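Architecture at a glance
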Amino acid sequence: MIGQDGGVPIPPLRRAPVQRRSAERLGRILDACAELLDETGYEDLSTRAVAERAGVPIGSVYRFFSNKRAMAEALAHRNLDEYAARVTERLAASGPDGGGWREAMDVVVDEYLAMKRGAPGFALVEFGMPVPVTATPDQPNHLVADRLRELLGERLGLEESGEAGERVRVAFLLAVEAADALLRLAFRVHPEGDPVIVAETKELLRAYLAGVLD
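Residues numbered from 1 in each chain as written. Predicted model: local features only at pLDDT ≥ 70, side-chain atom pairs only at ≥ 80, totals over all residues. Heavy atoms only, no water.

**Considerations on the pattern of salt bridges**
Across all of its chains, the model carries 18 salt bridges by this definition. Its salt-bridge partner being E82, residue R86 comes within 3.5 Å of it at the nearest N-O pair. Of this pair, R86 and E82 both sit in helix α4 (residues 68-93), separated by four residues, roughly a single helical turn. For E82, a relative accessible area of 35% translates into the label partly exposed. For D110, the salt bridge is made with K202, and the minimal N-O distance between the two is 2.7 Å. (Salt bridge = Lys/Arg side-chain N within 4 Å of Asp/Glu carboxyl O. Helix = DSSP H or I, 4+ residues; strand = E, 2+ residues; numbered from the N terminus. Buried < 20%, exposed > 50% of the residue type's maximum accessible area, 1.4 Å probe, protein only.)

As structure tokens, this is what we get:
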């Protein structure tokens, strides 16, 4: 996973970039992957096309990735990092006492919508693979829920241990799963996300989370 400061990634990379030049090359490869996903879809994506778009030798792509699936997974990890950074920045701008959990949930939804509408490749990959995979504890919605719980935990004074902490963990996962399904529906109905479904999604999240976070 590539951090906000361009730090050392974690798998699915075959080899982590050590020098800045190598990290920049990796960034160009992932940028090219994202662009081509928008243009061709996942099935027609190829490592050679990515190399050509990024302006790097094909060997540079294979230095980091064994195949296109690993490349798409790395892009999904980067998307999650970017999403977390955007949410953090928005919340920081409101100050430590700016708004409660309802306002924070609005930020969480709004930043997802912004990436869905404008981030290259995000419409297909988002935070996980664009093709079905066997469910695991590390499936995308689990990762998103855990990351959001970490980001919001201190700000909202969330319990982290014991029965109360487990209830918060489950609540965040269910909220993410529900929002994921409803916002996918919003984008099936309207290319920019149906505003009525988006508004109702926010109301549903508020109603459900009120029993846990109030």
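**With respect to the packing of helix α5 (residues 101-118) against helix α9 (residues 195-213)**
The interhelical angle for the contact between α5 and α9, taken along N-to-C directions, is 140°, at an axis separation of 10 Å. By the angle class used here, α5 and α9 are oblique. Every pair of crossing elements has a handedness; the one defined by α5 and α9 is right-handed. When α5 is examined against α9, the residues W101, R102, M105, D106, V109, D110 and L113 are found in contact with a partner set consisting of V198, K202, L205, R206, L209, A210 and L213. Of the residues in the contact of α5 with α9, the class split is nine nonpolar, no polar and five charged. (Axes fitted to C-alpha atoms, helices over the stretch in contact; angles between N-to-C directions. Parallel < 35°, antiparallel > 145°, perpendicular 65-115°, else oblique. Left-handed = near helix turned anticlockwise from the far one by under 90°. Contact = heavy atoms within 4.5 Å. Nonpolar A, V, L, I, M, F, W, Y, C, P; charged D, E, K, R; others polar.)

**Observations concerning the packing of α5 against helix α8 (residues 162-189)**
Packing of α5 against α8 leaves a shortest axis separation of 12 Å and a crossing angle of 40°. The angle between α5 and α8 falls in the class oblique. Where α5 crosses over α8, the handedness of that crossing is right-handed. Between α5 and α8, the residues in contact are M105, V109, Y112, L113, K116 and R117 and F172, L183 and F187, respectively. Here the contact of α5 with α8 is composed, by residue class, of seven nonpolar, no polar and two charged.

So, to be careful, I would describe these as geometric facts and stop short of saying anything about function.
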